[in-house]
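# Tertiary structure, described
So the chains spell out like this:
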Amino acid sequence: MFDKNTYMTRRARLAQQVGGGVLLFLGNNHVGMNYEGNEYNFRQDSSFLYFFGLDYAGLTAVMDVDAGEEIIFGDELTIDDIVWTGTMPSLSDNARKVGVDKTLPLSALKEYLGKAMHQGRKIRFLPPYRADHKVRLMDLLGILPGVQSLHADEALIRAIVGLRIHKTAEEVAVIEDAVDVSTRMHLEAYRMARPGVHEAEIAAAVLRLASSRPGGGLAFPTIATVAGQVLHNHGFIHTLKDGDIFLLDAGAENAEHYCGDLSSSMPVSDRFTPRQEEIYRLHLRSFQAAVDQLRPGNPYRNAHLAAAEAIAEGMVDLGLMKGCPRDIAESGAYALVFPCGTGHMMGLDVHNMENLGEQYVGYAEGEKKSTQFGFKSLRLARPLEPGFVFTVEPGIYFIPELIDRWKAEGRFKEFINYDKFEAWKGFGGLRNELDYLITEDGCRVLGTLKKPMTLEEVYTAKNL
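What comes next is a walk through the structure. (Residues numbered from 1 in each chain as written. Predicted model: local features only at pLDDT ≥ 70, side-chain atom pairs only at ≥ 80, totals over all residues. Heavy atoms only, no water.)

### Brief notes about the pairing of strand β5 (residues 69–73)
With five bridges connecting them, strand β4 (residues 60–64) and β5 associate as antiparallel partners. Residue pairing for β5: V62 is matched across the bridge by I71. Two strands pair when backbone bridges link them, and β5 and strand β6 (residues 102–104) are joined in this way by three bridges, in the parallel orientation. Directly across from I71, in β6, lies its bridge partner K102. (Pairing = 2+ DSSP bridges. Helix = DSSP H or I, 4+ residues; strand = E, 2+ residues; numbered from the N terminus.)

### With respect to helix α15 (residues 400–409)
When we look at burial in α15, the residues that qualify are L402, I403 and W406. The buried side chains of α15 occupy one side of the element, clustering within an arc of 100° when seen end-on. Along α15, the residues that are exposed and aim more than 90 degrees away from the buried face are E401, R405 and A408. Buried residues along α15 sit in contact with β14 (395–398) and α16 (418–421). Residue G410 follows α15 closely and has a positive phi angle near 70°. (Buried < 20%, exposed > 50% of the residue type's maximum accessible area, 1.4 Å probe, protein only. Arc of directions from axis to C-beta. Contact = heavy atoms within 4.5 Å.)

### Quick look at the pattern of salt bridges
In total, this model carries 31 salt bridges according to the counting rule given. Of the charged contacts in the structure, one is a salt bridge between R164 and D349, with a shortest N-O distance of 2.9 Å. Of the two residues, R164 is situated in helix α8 (residues 154–164) and D349 in the loop between α13 (325–331) and α14 (358–362); the sequence distance between them amounts to 185 residues. Here R164 matches D349 in class, with each residue buried. Here K407 ties to E422 by a salt bridge, and the two come within 3.7 Å at their closest N and O atoms. Within this pair, whereas K407 is found in helix α15, its partner E422 is found in the loop between α16 and β15 (428–431), the two being separated by 15 residues in sequence. Residue classification places E422 among the partly exposed residues on the basis of a relative accessible area of 37%. A single network of salt bridges, built from pairs that share partners, joins D404, K407, D419, E422 and K425. (Salt bridge = Lys/Arg side-chain N within 4 Å of Asp/Glu carboxyl O.)

Shown next as structure tokens:
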């Protein structure tokens, strides 16, 4: 938790930007996995954390912008609760830690909002992403779950995005802390990735490191696989063997709930095969091409296109594609081997504010997301600004099902030599990822520890 002045300043800026109305922030509750008492790990709503900082269940906050009033609604612990949880600070004590002086029982919330609606006042809320939020909104505001997202307040969404998208120095510091833990997780994977080791063993080691500090944990479900062509592979079903490429996509979340997000691709053997080295070097060229575009004012879409063009150029050199690499990139033909986006915003969420809508977070006002395969997966395209924190993660994937589908459909035949792809169907896939901050005059990679990237660094990390 930051100093209370941080939260007070954030709320004051939000009130100024929204201008009026009653702002409703639903905190998260405990949710049962297979019965009510066996709960998933609790994670507070990120916007609630950003503005109110309190990291426990059963809270809702209201900002009455017109009246200049802030209230946290929640219930004090009963003796039955204390038996299970121990004594905790009171709601009013916790509220004062974040600069809120008024608290009310949770049962008073419906009457409070009902009075405001009766007065014709606007209740502003964010798009709900949890089933329990949707049920609560239906009870509190009378809006059916199926249409609640249509009633979410665009002015509130844009104001919150405008605040959360620019990271302050104190936020950057805690993000770098999470990135450093993430780097240690990846260094452990380099050490462990050997023939005979099971994917699940590395995933368990990664989890141990992420959880080794109070309040720490995983920022997202770990991907630890030798089937790198499956972009989100959470199965942990393989045993590593000579000649495999092991891919780890994993990040830590710290006690402040800020995230790191890194990817690494490494040989299971002591070294990559010559063919694997060739693709790895091509990937590094695409990564650097994207990084070369990172500066204030330059749209991140240009970084994505630069990475795509570099990959296309490499595919042409290998005889897998033909034509002008720039044309291959701009047409979308590159997506046969690079079907995902190059990066995304990062902060309190590993895909920062994705629950508020990629259109608001990753795209400038008036700019529409593409619906074309490949480009539609680009989460970030807008011009970059100082304070933006995001990932850079191009990849190269040989996906047999995608190759067969495009070949059967005759897609981009002017650019793709499908017959040559047959020999590459068993290659798999690889990617690497680092986290960046845009500065006043450029960018810098986040974290004080070095994650291996070059072939030399990878081979050194394998043999430490």
